Amino acid sequence: GGITKLVQSIQLIIRIYWLLDLAENSLLNKLIRKSLVESNHQVEVLQRDPSSPLFSVKTFEELHLKKELLQGIYEMGFNRPSKIQETALPMMLADPPQNLIAQSQSGTGKTAAFVLAMLSRVNGAEKFPQCLCLAPTYELAVQTGQVVEKMGKRCVNTRVTYAVRGNRIPRGTKIEEQIIIGTPGTVLDWCFKLRLLDAKKISVFVLDEADVMIDTQGFLDQSVRIQRTLPQDCQMLLFSATFEDAVLRFAEQIIPDPNIIKLRREEMTLTNIRQYYFLCENIQDKYKALCNIYGSITVGQAIIFCQTRRNAKWLSQELTRDGHKVSVLSGELTVEQRAAVIQRFRDGKEKVLVTTNVCARGIDVKQVTIVVNFKLPTNQLRCPDFETYLHRIGRTGRFGKKGLAFNMVERHNLPLLRSIEEHFSEYSIPIKPFDLSDLPSVAEELRQG
Ligand SMILES: Nc1ncnc2c1ncn2[C@@H]1O[C@H](COP(=O)(O)OP(=O)(O)O)[C@@H](O)[C@H]1O
Ligand SMILES: [Mg+2]
């Protein structure tokens, strides 16, 4: 019994860390994302009434929005709907309202889409909550609220409030804000314990970041409980960056009669990446190899992946001592600090970013031409972590820029390298041992982009 308990608590702890990671990554993405992720993938549509014509819009004018709202949209610098918005917005704004489940990768404009829908449906003259949006964390709720505030800046009578822990409102208070954004637990309290909120009067219900949500203990049940108290004719919208089976099942459970739309993710490829390896005896050896390539190739920026924080720290100190401008991204930084480091790197203030495994998942820096695996990515079982390898060095086909990857490998890890090579053999080129005589041609190729 004791052992089982112990194993269970360990599993729980691992799970909690994993969750923090999901929500934090999502927030990190939001903090560093300044513009839309454009996609050329087609939107797949599953309509609840397949016989009804499918509308899509190329301009915001076609949506016949209130002029204050349209003004707010333009003032945010949005000129036209994103790919997912082209299809989602007409569905969301249709009369009678339609329910929607939508999936597209983060940064494609989902949040902006449902904020627009909420602002469009709200009646500013009425002073009670009409739209309810659930988010997985306090921080993500605040991010969404800021979008509401920006987009609704010209809608003078429309206001937003946050149902999040820490926002204490005395029992019996009459909430006048029309839009409520909150986390499931606090929203439940507001509905039932404190009776601040009459769920029966909600006309738009949004469940954002559903994939993060269902991974969070208790949120699934809480969301279902909230959803059940909503009126029949309440419009229900659900958004997710991914559509694993569990997410889709949850989505279909919580959203009755939905239209479903999805935008496929960009495929990563390794075909335009030159991959090399260096055989190294120890960490000093690796450092020497790194200096050799870095001394000779000065095009663009580099990311160096280390296994541990300690290694990352050591490496950045060595590099700094040798006169390189380096920034370090690692787990002890807060999400805001991480976002700031990534931003500086994106702005080119530092040419080299040293990072550990954990933090780099969300980064997408197009100008990076060199990726160095100071250690090959492995999972807890010390098996090669193919997914991570692909995400570190792969590029999406459309931004098919050339890239260069260096792997620092100890002799005993050569089999790891071989299995990575083998795994990607269909859409990759061989990982060659690096030869200094390759340098001029590599440098030339990088110059040409
Ligand atoms: N139609 C649009 N035109 C220009 N920028 C947009 C548009 N829609 C969203 N954005 C911007 O793109 C970024 C990502 O949008 P967001 O709605 O947060 O995406 P998601 O919720 O899918 O992650 C934000 O900075 C947002 O302001
Ligand atoms: Mg979003």
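Residues numbered from 1 in each chain as written. Chains lettered and ligands numbered in written order. Predicted model: local features only at pLDDT ≥ 70, side-chain atom pairs only at ≥ 80, totals over all residues. Heavy atoms only, no water.

- As annotated in an unreviewed UniProt entry, the protein chain carries the name RNA helicase and is attributed to Chelonoidis abingdonii.

**Regarding the environment of Val 115**
Logical step 1: Following the sequence through the fold, Val 115 ends up in helix H4 (residues 110–121).
Logical step 2: Overall, the relative accessible area of 0% leaves Val 115 in the buried class.
Logical step 3: Those residues in contact with Val 115, other than ones at most four positions away along the chain, are Thr 144, Val 147, Val 148 and Met 151. (Helix = DSSP H or I, 4+ residues; strand = E, 2+ residues; numbered from the N terminus. Buried < 20%, exposed > 50% of the residue type's maximum accessible area, 1.4 Å probe, protein only. Contact = heavy atoms within 4.5 Å.)

**Some thoughts on the state of the cysteines**
Logical step 1: Within the structure shown, the criterion is met by zero disulfides.
Logical step 2: Distance from the sulfur of Cys 234, which forms no disulfide, to the nearest cysteine sulfur (Cys 131) is 8.6 Å. (Disulfide = S-S within 2.5 Å.)

**Structural notes on the sheet that holds strand E2 (residues 99–103)**
Logical step 1: The strand order across the open sheet formed by eight strands is E1-E8-E2-E7-E6-E3-E5-E4, and the pairing between neighbours is mixed. Looking along the sheet, the strands with just one partner apiece sit at the ends: strand E1 (43–46) and strand E4 (160–163). Strand-to-strand, the axes of this sheet are offset by a mean angle of 15°, without reference to chain direction.
Logical step 2: When strand E3 (residues 131–134) meets strand E6 (residues 204–207), the two strands line up parallel, connected through four bridges. Counted as the bridge partner of Leu 134 is Leu 207 from E6.
Logical step 3: In the packing of H4 onto the sheet, contacts are made with E2, E3, strand E5 (179–182), E6 and strand E7 (235–240), and the angle to E7 comes to roughly 165°. (Pairing = 2+ DSSP bridges. Axes fitted to C-alpha atoms, helices over the stretch in contact; angles between N-to-C directions.)

**A look at helix H2 (residues 67–75)**
Logical step 1: Restricting attention to buried positions, one finds in H2 the residues Leu 69, Leu 70, Gly 72 and Ile 73. Projection of H2 onto a plane perpendicular to its axis shows the buried side chains occupying an angular sector of 160°, all on one side.
Logical step 2: Tucked inside the fold, the buried residues of H2 contact H4 and helix H5 (138–151). (Arc of directions from axis to C-beta.)

**Description of the site of ligand 1**
Logical step 1: Arg 80, Gly 107, Lys 110, Thr 111 and Ala 112 are the nearest of the 18 residues found near ligand 1.
Logical step 2: The contact in question runs from an oxygen atom of ligand 1 to an N or O atom on the backbone of Thr 108, over 3.3 Å.
Logical step 3: In this structure, Gly 109 approaches ligand 1 through a main-chain N or O atom, which is 3.0 Å from an oxygen atom.
Logical step 4: Contact with the protein chains removes 83% of the 560 Å² of surface that ligand 1 exposes when unbound.
Logical step 5: If you tally residues by element for the shell around ligand 1, the top one is H4, at three residues. (Near = heavy atom within 4 Å. Polar contact = N/O pair within 3.5 Å; in protein donor to acceptor, adjacent residues only side chain to side chain. Areas by Shrake-Rupley, 256 points an atom, 1.4 Å probe, with all protein chains shown as cover.)

**Re the pattern of salt bridges**
For side chains of opposite charge, pairing can occur when their charged atoms come near one another.
Logical step 1: Summed over the entire model, instances satisfying the criterion amount to 13 salt bridges.
Logical step 2: Note that Glu 86 and Lys 58 form a salt bridge whose closest N and O atoms lie 3.1 Å from each other. Pair noted here: Glu 86 is in helix H3 (residues 83–93) and Lys 58 is in the loop between E1 and H2, with a separation of 28 residues, a long-range link.
Logical step 3: Residue class for Glu 86 comes out buried when judged on its relative accessible area of 12%.
Logical step 4: Residue class for Lys 58 comes out exposed when judged on its relative accessible area of 52%. (Salt bridge = Lys/Arg side-chain N within 4 Å of Asp/Glu carboxyl O.)

**Looking at the packing of aromatic side chains**
Logical step 1: Under the counting rule described, the total for this entry stands at 10 aromatic pairs.
Logical step 2: Consider the rings of Phe 60 and Tyr 74, whose centres lie 6.4 Å apart with planes at 75°: the pair is edge-to-face. Of this pair, Phe 60 sits in the loop between E1 and H2 while Tyr 74 is found in helix H2, placing the two residues 14 residues apart along the sequence.
Logical step 3: Residue Phe 60 is classed as buried on the basis of its relative accessible area, which comes to 1%.
Logical step 4: Residue classification places Tyr 74 among the partly exposed residues on the basis of a relative accessible area of 30%.
Logical step 5: Where Phe 406 meets Phe 434, the ring centres are 5.3 Å apart and the plane angle is 85°; that geometry is what we call edge-to-face. Taken together, the positions of Phe 406 in strand E16 (residues 403–410) and Phe 434 in the loop between strand E17 (431–433) and helix H15 (439–448) put the pair 28 residues apart, joining distant regions of the chain. Exposure class is identical for Phe 406 and Phe 434. Each is buried. (Phe/Tyr/Trp six-rings, centres within 6.5 Å; stacked < 30°, edge-to-face > 60°.)

**A few points about the sheet that holds strand E14 (residues 368–373)**
Sheet strands pair via backbone hydrogen bonds, and the direction of the pair is either parallel or antiparallel.
Logical step 1: Taking strand neighbours across the sheet as the criterion, the seven strands line up as E12-E13-E11-E14-E16-E10-E17 in an open arrangement whose pairing is parallel. Strand pairing shows two members of the sheet lacking a second neighbour, strand E12 (326–329) and E17, which therefore form its edges. Across the sheet, the axes of successive neighbouring strands diverge by a mean angle of 25°, strand direction being ignored.
Logical step 2: Here strand E10 (residues 273–280) pairs with E16 via eight bridges, running parallel. Residue Cys 280 lies in a different strand from E16, and its bridge partner there is Glu 410.
Logical step 3: Docked against the sheet, helix H11 (residues 309–321) engages strand E11 (301–306), E12 and strand E13 (352–356), running at close to 160° with respect to E13.

**Observations concerning the pairing of E6**
Logical step 1: Residues Val 204 and Val 206 point to one face of E6 and Phe 205 and Leu 207 to the other, with burial holding for every one of them.
Logical step 2: Strand direction decides the pairing type here: E6 and E7, joined by four bridges, are parallel. From the neighbouring strand, Val 204 faces E7, where its bridge partner is Gln 235.

**A look at the packing of H4 against H5**
Logical step 1: Closest axis-to-axis distance for the H4/H5 pair is 10 Å, and the angle between their directions is 55°. The angle between H4 and H5 falls in the class oblique. Like other packed secondary-structure pairs, H4 and H5 cross with a definite hand, here right-handed. Taking contact as the criterion, the partners of Thr 111, Ala 112, Phe 114, Val 115, Leu 116, Met 118 and Leu 119 in H4 are, on H5, Thr 144, Val 147, Val 148 and Met 151.
Logical step 2: Here the contact of H4 with H5 is built from residues that sort into nine nonpolar, two polar and no charged. (Parallel < 35°, antiparallel > 145°, perpendicular 65-115°, else oblique. Left-handed = near helix turned anticlockwise from the far one by under 90°. Nonpolar A, V, L, I, M, F, W, Y, C, P; charged D, E, K, R; others polar.)

**Quick look at the pairing of E3**
Logical step 1: Residues Cys 131 and Cys 133 of E3 are buried on one face, and the alternating residues Leu 132 and Leu 134, pointing to the opposite face, are buried as well.
Logical step 2: Note that E3 and E5 share four bridges and pair parallel. Looking at E5, one finds that Leu 134 is bridged to Gly 182.

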